[in-house]
Amino acid sequence: MSKPTNPKQTAFYWDEACFWHGGGNYAMVVPVGGLVQPLVAGGLPEAPETKRRLKNLIDATRLSSELTMLSPPRATAEDLARVHPQDYLDTFKALSDQGGGELGLRTPFGLGGFEIAAQSAGLVKQAVMDVAAGHFRNAYALTRPPGHHCLPDWPNGFCLLANIAIAIEAAKAAGLVGRVAVLDWDVHHGNGTEHIFYQRDDVLTISIHQDRCYPHDSGAVSDQGEGKGRGFNVNIPLPAGSGHQTYLEAMEQIVLPKLRAFAPDMIVIACGFDASAIDPIARMLCGSHTFRDMTRMVMEACEKVVAAHEGGYSELHVPFCGHAVLEELSGSITRAPDPIHSRIIVQQPDARVQSLQSDIVRDLAAALL
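Residues numbered from 1 in each chain as written. Predicted model: local features only at pLDDT ≥ 70, side-chain atom pairs only at ≥ 80, totals over all residues. Heavy atoms only, no water.

A short note on unusual backbone geometry
A negative phi holds for most residues other than glycine; trans holds for most peptide bonds.
And then number 1: For the bond running from R144 to P145, omega is 5 degrees, close enough to zero to count as cis.
And then number 2: Here P145 shows up in the loop between β7 (138-141) and α5 (163-173).
And then number 3: Along the chain, Y214 connects to P215 via a cis peptide bond; the corresponding omega equals -20 degrees.
And then number 4: Its location among the elements puts P215 in the loop between β9 (203-210) and β10 (233-238).
And then number 5: With phi around 60 degrees, M28 is a residue other than glycine that occupies positive phi space.
And then number 6: Note on placement: M28 falls in the loop between β2 (26-27) and β3 (30-31).
And then number 7: For R62, which is not glycine, the phi torsion reads 70 degrees and is therefore positive.
And then number 8: Along the polypeptide, R62 turns up in the loop between α1 (48-60) and β4 (68-70). (Helix = DSSP H or I, 4+ residues; strand = E, 2+ residues; numbered from the N terminus.)

Spelled out as structure tokens, the structure:
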């Protein structure tokens, strides 16, 4: 394994501006109005606190002192245009300059929202570029707004720009990567990333998600790519209530064989933590140890790994899940014990339900391999 050029093998990309993204009058995912009352604590579940609290936690444990902390520039107009049509970018920019508004589905933003979204994309872009160039072995980008749902011309699911796709295309344009795998373990299907690379054989897209959670009409196991991309899109829809063992079985039986066969130059993780057992808008049973173990598996599959933060809406749990991923990426012995670990363990599926979930994973593996 080649050594990174920086003695701190893991970089952490963040920017205060990303915490300032906001807008919209929602109660969770429902517009306020009629009989839907405003929430005291705010609107959409995609809010600054989960990400800010992750940054706070790595500072409190001093894990951040073991990382290279960077705040790179925004993605450029050229970067964005490789993925998004100019008319969409122009409309987004104009509305942002006028004070904000909403495009697509559940993607509100305020004044300067375009620049904040470009900053978020810039974090992933620089992480991918730096790891691809060998400056770091791996990296974590604390992005906000997220990106994996955004289609080229239609933002949705809190996502305004396709952060990961923008980063991959920038690295490809610079001649830094060839084959890239995207592993999306956000609890919601990575429909935007899938769409962008659906006819490509140089980017393998894998999504592990709760079946029919969001979007309700995408993420089917039968959607495996088109044309040259046939076989290079992998959907692993898991039943609600899946926990630690089911996720690791999906990794071992489907994800790792697909990664070994593809042999990517780099793996980019769409790193959502909304499969957490206490996430408010999903129904899975993962713990921080689940994300730690999956990160270890990914690192064993490829030398170069970038994690780009996506969803995850438990203000309590997201920081500990993110800390676990960063511990694994960096090889640090610094720990932030998960305060609800014991609760999550006792809530795992019993033997009968686990057997059913394991059968589903085996069926999915038979359909995909």
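Considering α5
And then number 1: Here α5 lies mainly inside the structure; 10 of its 11 residues are buried.
And then number 2: Three or more residues of α5 are buried, namely N163, I164, A165, I166, A167, I168, E169, A170, A171 and K172.
And then number 3: Count one or two residues on from α5 and you reach G175, which has phi positive near 75 degrees. (Buried < 20%, exposed > 50% of the residue type's maximum accessible area, 1.4 Å probe, protein only.)

Quick notes on the packing of helix α3 (residues 86-97) against helix α4 (residues 113-132)
And then number 1: Put simply, α3 and α4 touch, their axes get as near as 7 Å, and they point 125 degrees apart. Compared by their axis directions, α3 and α4 come out oblique. Residues L89, F92, K93, S96 and D97 of α3 touch α4, and the partners they reach there are G113, F114, E115 and A117.
And then number 2: Tallied by class, the residues present in the contact of α3 with α4 amount to 4 nonpolar, 2 polar and 3 charged. (Axes fitted to C-alpha atoms, helices over the stretch in contact; angles between N-to-C directions. Parallel < 35°, antiparallel > 145°, perpendicular 65-115°, else oblique. Contact = heavy atoms within 4.5 Å. Nonpolar A, V, L, I, M, F, W, Y, C, P; charged D, E, K, R; others polar.)

Remarks on the packing of helix α7 (residues 244-262) against helix α8 (residues 288-301)
And then number 1: Contact geometry of α7 with α8 gives a least axis separation of 10 Å together with a crossing angle of 15 degrees. One element, α7, and the other, α8, form an angle in the roughly parallel class. Here α7 and α8 pass one another in a crossing that is right-handed. Between α7 and α8, the contacting residues are H244, Y247, L248, M251, E252, L256 and L259 on the first element and H289, T290, D293, M294, M297, V298 and A301 on the second.
And then number 2: Looking at the contact of α7 with α8, its residues break down into 9 nonpolar, 3 polar and 2 charged. (Left-handed = near helix turned anticlockwise from the far one by under 90°.)

Focus: the packing of aromatic side chains
And then number 1: Evaluated as defined, the whole model comprises 9 aromatic pairs.
And then number 2: Note on F92 and F109: the rings are 4.8 Å apart at their centroids and 65 degrees apart in plane angle, and the pair reads as edge-to-face. Taken together, the positions of F92 in helix α3 and F109 in strand β6 (residues 108-110) put the pair 17 residues apart, joining distant regions of the chain.
And then number 3: Measuring from centroid to centroid gives 6.3 Å for W185 and F291, while their planes differ by 50 degrees, and the two rings are tilted. Within this pair, whereas W185 is found in the loop between β8 (180-184) and α6 (191-197), its partner F291 is found in helix α8, the two being separated by 106 residues in sequence.
And then number 4: Given a relative accessible area of 0%, F291 falls into the buried group.
And then number 5: Across from the ring centre of W14, 4.2 Å away, lies the NZ or CZ of K55, which sits over that ring.
And then number 6: Directly above the ring of F262 sits R179, whose terminal nitrogen or CZ lies 4.1 Å from the centroid. (Phe/Tyr/Trp six-rings, centres within 6.5 Å; stacked < 30°, edge-to-face > 60°. Lys NZ or Arg CZ within 6 Å of the ring centre and 35° of its normal.)

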